[in-house]
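A structural walkthrough
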Amino acid sequence: MDLVLLDGPHAYPLPQIEFAYLFPRIKPGGWLVVDDIQIPSVYELFHFLQRESSVTLEEVVVRTAFFRRTKGVESGPDGWALQGMNRHTILRYSWRDRLRHLLGRGGPTVAAEKVT
């Protein structure tokens, strides 16, 4: 596809689902247009796209963002570690693993913890 316009439905997670199905079909150089970025569920997708290396934000006009696809993504079925939004883990949940690694007490195992 040369152009994809995401303009509803707006309820979470539907903008993200539409993106997941349609983005792989946009050819490099094609456009992804995301409308209604003032809505939090759509803004989350907009914020995600701003950190992605496979698209470039060309312009925002009022409430509509225009992204150009710059390249294909070779990330396999679950390339979460390659996504811009996942470059840094959430400290609250990862500090114990980092400390264990620094102290040489094993790899990144996940222990159940009581969340208050």
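The structure this text deals with has already been given above.
Values in this document were obtained by computation on a predicted structure and should not be read as measured data.

Digging into the nonpolar core
In terms of nonpolar packing, the biggest core is built from 16 residues, with Leu6, Phe19, Leu32, Val34, Leu49 and Phe67 touching the most fellow members. The dominant element in this core, judged by the number of residues it contributes, is helix 2 (residues 40–50), at 5 residues. When neighbours within four sequence positions are excluded, Phe19 is seen to be in contact with Leu6, Pro24, Leu32, Leu45, Phe48 and Leu49.

Description of the packing of aromatic side chains
Under the counting rule described, the total for this entry stands at 4 aromatic pairs. Pairwise contacts between aromatic rings join Phe19, Phe23 and Phe48 into one cluster. A cation sits over an aromatic face here: Arg69 above Phe23, 4.1 Å from the ring centre.

Here's the deal with a nonpolar patch on the surface
Residues Trp95, Leu99, Leu102 and Leu103 make up a contiguous nonpolar surface patch of roughly 430 Å² in combined accessible area. Mapped onto the fold, Trp95 is located in helix 3 (residues 91–103). The exposure class assigned to Trp95 is partly exposed, which follows from its relative accessible area of 38%.

Topic: the sheet that holds strand 3 (residues 55–61)
One open sheet accounts for 4 strands, arranged 1-2-4-3; its pairing is mixed. Both outer strands of the open sheet, strand 1 (3–6) and strand 3, are each paired with one neighbouring strand and no more. Neighbour-to-neighbour, the strand axes of this sheet turn through a mean angle of 20 degrees, independent of strand direction. Pairing geometry for strand 2 (residues 31–35) and strand 4 (residues 64–69), over 5 bridges, is antiparallel. By the bridge assignment for strand 4, Leu32 is matched with Phe67. Strand contacts of helix 1 (residues 14–22): strand 1 and strand 2, with the helix running at about 170 degrees to strand 1, the strand carrying the most contacts.

Description of helix 2
Among the residues of helix 2, those classed as buried are Ser41, Val42, Leu45, Phe46, Phe48 and Leu49. Projection of helix 2 onto a plane perpendicular to its axis shows the buried side chains occupying an angular sector of 160 degrees, all on one side. Looking at the buried positions of helix 2, the neighbouring elements they touch are strand 1, helix 1, strand 2, strand 3 and strand 4.

Cut-offs applied
Residues numbered from 1 in each chain as written. Predicted model: local features only at pLDDT ≥ 70, side-chain atom pairs only at ≥ 80, totals over all residues. Heavy atoms only, no water. Core = buried A, V, L, I, M, F, W, Y, C linked by side-chain atoms within 4.5 Å. Buried < 20%, exposed > 50% of the residue type's maximum accessible area, 1.4 Å probe, protein only. Helix = DSSP H or I, 4+ residues; strand = E, 2+ residues; numbered from the N terminus. Contact = heavy atoms within 4.5 Å. Phe/Tyr/Trp six-rings, centres within 6.5 Å; stacked < 30°, edge-to-face > 60°. Lys NZ or Arg CZ within 6 Å of the ring centre and 35° of its normal. Patch = residues over 30% accessible without salt bridge, like charges linked within 9 Å, V, L, I, M, F, W, Y side chains within 5 Å. Areas by Shrake-Rupley, 256 points an atom, 1.4 Å probe, with all protein chains shown as cover. Salt bridge = Lys/Arg side-chain N within 4 Å of Asp/Glu carboxyl O. Pairing = 2+ DSSP bridges. Axes fitted to C-alpha atoms, helices over the stretch in contact; angles between N-to-C directions. Arc of directions from axis to C-beta.

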